[in-house]
Amino acid sequence: MARKRSKPTTPQSPAPTSKTSGKAAWTIIDRSSMIAAGVLAPVASAGAWRMLTGRKPPTIDGDPDVDVKEAIAWALVGGALVEVVKVVARRQAAVYWVRSTGERPPKMKPRK
């Protein structure tokens with residue numbers, strides 16, 4: 001019976017952790033948080049408007065039945081809440097990244 005030759009074993013080093021894979025992972029996490037914020041922001045804005053006024057938000061911009069002041073107030077409240085939701089989502093993604101990796105997300109430098 002012929003003996004099979006085994007291949008010489010070479011010590012395998014662990015897969016290199018490259019900065020590119022970290023950047024790609026952060027990009028996915030960051031973009032996902034922005035998508036989630038984009039979905040949640042209109043819901044939060046409409047809910048805040050209902051809580052403040054007790055009415056549905058004036059979602060049709062050119063509706064002549066909506067007072068100009070109310071339309072402008074809706075634009076201010078809605079726009080501000082959209083940005084707040086985006087900031088919170090992005091900050092939470094960064095906090096998750098720091099807790100997971102122990103480092104800041106790529107391209108985020110500490111403030112001086």
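That block above? That's the structure.
Small disclaimer: the values here were computed from a predicted structure and weren't measured. (Residues numbered from 1 in each chain as written. Predicted model: local features only at pLDDT ≥ 70, side-chain atom pairs only at ≥ 80, totals over all residues. Heavy atoms only, no water.)

Draft legend 1. Up close: the overall build of the chain. Check the secondary structure of the chain and you find two helices and zero strands. Evaluated residue by residue, the chain yields a buried proportion of 20% over its 112 residues. For the chain, restricting intrachain contacts to residue pairs at least 6 apart in sequence, the fraction spanning at least 24 positions comes to 61%. (Helix = DSSP H or I, 4+ residues; strand = E, 2+ residues; numbered from the N terminus. Buried < 20%, exposed > 50% of the residue type's maximum accessible area, 1.4 Å probe, protein only. Contact = heavy atoms within 4.5 Å.)

Draft legend 2. Looking closely at helix α2 (residues 68-101). Its 34 residues place the ends of α2 49 Å apart at the C-alpha level, agreeing with the 50 Å of an ideal helix rising 1.5 Å per residue. In the stretch just after α2, Gly-102 is the one whose phi turns positive, near 80 degrees. (Expected span 1.5 Å × (residues − 1).)

Draft legend 3. The arrangement of the packing of aromatic side chains in detail. Under the defined criterion, the tally for this structure stands at two aromatic pairs. Ring plane angle 70 degrees and centroid distance 5.7 Å describe the contact between Trp-26 and Trp-97, whose orientation is recorded as edge-to-face. A residue pair is termed long-range when its members are at least 10 positions apart, and Trp-26 in helix α1 (residues 19-53) and Trp-97 in helix α2 qualify at 71 residues. Summarising the burial analysis for this pair, Trp-26 and Trp-97 share the class buried. When the centroid spacing of 5.6 Å and the interplanar angle of 80 degrees are considered together, the rings of Trp-49 and Trp-74 count as edge-to-face. A residue pair is termed long-range when its members are at least 10 positions apart, and Trp-49 in helix α1 and Trp-74 in helix α2 qualify at 25 residues. Note on Trp-74: relative accessible area 16%, which makes it buried. (Phe/Tyr/Trp six-rings, centres within 6.5 Å; stacked < 30°, edge-to-face > 60°.)

Draft legend 4. Representation of a nonpolar patch on the surface in the model. Taken together, the side chains of Val-68, Ile-72 and Leu-76 present a nonpolar region at the surface, about 320 Å² in accessible area. For Leu-76, the location among the structural elements is in helix α2. Residue classification places Leu-76 among the exposed positions, given a relative accessible area of 60%. (Patch = residues over 30% accessible without salt bridge, like charges linked within 9 Å, V, L, I, M, F, W, Y side chains within 5 Å. Areas by Shrake-Rupley, 256 points an atom, 1.4 Å probe, with all protein chains shown as cover. Salt bridge = Lys/Arg side-chain N within 4 Å of Asp/Glu carboxyl O.)

Draft legend 5. Quick look at the environment of Lys-56. Turning to its location among the elements, Lys-56 is positioned in the loop between α1 and α2. Residue classification places Lys-56 among the exposed positions, given a relative accessible area of 66%. Sequence separation of Lys-56 and Ala-46 is 10 residues, and the distance between their C-alpha atoms is 7.2 Å. Leaving out residues up to four positions away in the same chain, Lys-56 has contacts with Trp-49 and Arg-50.

Draft legend 6. Layout of the side chain of Asp-30. Mapped onto the secondary structure, Asp-30 falls in helix α1. Side-chain polar atoms of Asp-30 contact the side chain of Arg-90, separated by 2.7 Å. (Polar contact = N/O pair within 3.5 Å; in protein donor to acceptor, adjacent residues only side chain to side chain.)

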